[in-house]
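Chains, contacts and geometry: an overview
Here are the chains, one letter per residue:
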Amino acid sequence: GPLEETCLPLFFGWFLCPAFQDKLRSMAKDFLKTLTGLEAFKKHLGDFTGEAEKEVDLEHYFQDQGRLHCTTKFCDHGKAEGSKEYAEQQVVKDRYGSMSELMLSALFLTPRTLGARVSFTEEQLQLWPAGAEKEAAPDADLPPGSRAHVTLGCAEGVEPVQTGLDLLELIQQQQGQEGEQVQDLELGSLAYYGKGAWVLSLRESILAPACFSGFYG
Ligand code: ACK
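Everything in this summary refers to the structure shown in the same document. It should be emphasised that the depicted structure is a prediction, and the values quoted were computed from it without experimental measurement. (Residues numbered from 1 in each chain as written. Predicted model: local features only at pLDDT ≥ 70, side-chain atom pairs only at ≥ 80, totals over all residues. Heavy atoms only, no water.)

Concerning the site of the ligand
Put simply, the rule reads: Put simply, a residue is near a molecule or strand once any heavy atom of it comes within 4 Å of that molecule or strand. Two N or O atoms count as a polar contact when they lie within 3.5 Å, although within protein this holds only if one can serve as hydrogen donor and the other as acceptor, and sequence-adjacent residues are included solely when both atoms are side-chain atoms. With residues, only the protein chains shown are counted as cover, and all accessible areas are computed by Shrake-Rupley using a 1.4 Å probe. A run of DSSP states H or I qualifies as a helix once it reaches four residues; a run of E qualifies as a strand once it reaches two. Both are numbered from the N-terminal end. Here the nonpolar group is Ala, Val, Leu, Ile, Met, Phe, Trp, Tyr, Cys and Pro; Asp, Glu, Lys and Arg are the charged ones; every other residue, Gly included, is treated as polar.
Neighbouring the ligand are Phe11, His69, Thr71, Phe74, Glu135, Arg147, His149, Thr151, Pro160 and Val161. Contact between the ligand and His69: an oxygen atom at 2.7 Å from a side-chain N or O atom of the residue. Contact distances for the ligand include 3.3 Å between an oxygen atom and a backbone N or O atom of Pro160. Across the complex, the protein chains shield 77% of the 450 Å² of accessible surface that the ligand would expose by itself. For the shell around the ligand, the element with the most residues is strand β2 (residues 69-74), which contributes three residues. A breakdown of the residues in the shell around the ligand according to their chemical character gives four nonpolar, four polar and two charged.

Looking at the pattern of salt bridges
It is possible for side chains of opposite charge to pair when their charged atoms get near one another. The line we're drawing: Any Lys or Arg side-chain nitrogen located within 4 Å of an Asp or Glu carboxyl oxygen qualifies as a salt bridge. Partly exposed describes any residue whose relative accessible area lies between the buried limit of under 20% and the exposed limit of over 50%, with all areas from a 1.4 Å probe on protein chains only and scaled to the type maximum.
Following the criterion strictly, the structure yields seven salt bridges and no others. Measuring nitrogen to oxygen at the nearest pair gives 3.3 Å for the salt bridge that ties Arg147 to Glu135. Linking Arg147 in the loop between α8 (132-136) and β5 (149-154) with Glu135 in helix α8, this pair joins segments that are twelve residues apart in sequence. Accessibility expressed as a relative area gives 12% for Arg147, which makes it buried. On the basis of relative accessibility, which here comes to 61%, the residue Glu135 falls in the exposed class.

Side note on the packing of aromatic side chains
Here a ring pair, both rings aromatic, is described through the centre-centre distance and the interplanar angle of the planes. For clarity, the threshold we go by: Each pair of aromatic rings taken from Phe, Tyr and Trp, with Trp reduced to its six-membered ring, is defined by centres within 6.5 Å and is described as stacked if the planes are under 30 degrees apart, edge-to-face if over 60, and tilted in the remaining cases.
Under the counting rule described, the total for this entry stands at 14 aromatic pairs. Taking 5.0 Å as the distance between ring centres and 80° as the angle between the ring planes, the aromatic pair formed by Tyr61 and Phe62 counts as edge-to-face. What links up through ring pairs into an aromatic cluster is the set Phe12, Trp14, Tyr86, Tyr96, Phe120, Trp128 and Phe212.

Function cannot be read off these values alone, since they describe shape.
Dropping the structure here:
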């Protein structure tokens, strides 16, 4: 009967602790504020506005997507391929509800999304679903975990799934070219990759306390 079936979440992932969430949000806000004031950014404003001279308020350009998290497996309540297999793994059951520290190594933005890149430990990588990178970038050979991120905001009409796709594209660009080093900021070095893609590589990675769990919605 239906009651015997396991109820699968919309997605599994690490959910950032509320206090840390506020900290990261305010950090991202400061970063956007700094970026907006840079001549180099103003030079490429057209990437965001479609018009070179128009002003852009990045803080309002990116809309908050609710509780900050790093998705491991998007299950769509069981409709997504491989979600049952993922949920049934012993490591997923064992770690469910446990705390971990996620290492945030960069902040990035494109005209679509704003996110933080997550670098996993070996242990955290055990919770990463096989094929997450291949599914999004079939022609690229990217190490598992490349897609891991925290979505900090999306432009109007953009779905949060886009953040991981933008990150994968950026990583592929980073493999091919250096990026135009723009300037050293307090938090790290800023590089521009064209078409409105900016990466701030953090001088010191941030450790984000987070709880591994499922979001049912
Ligand atoms: O920002 P995110 O990682 O991108 O967190 C949200 C979360 O699931 C709820 O929507 C992510 N998401 C949505 N669709 C997919 C998908 N097809 N593959 C991977 N992650 C997805 C979204």
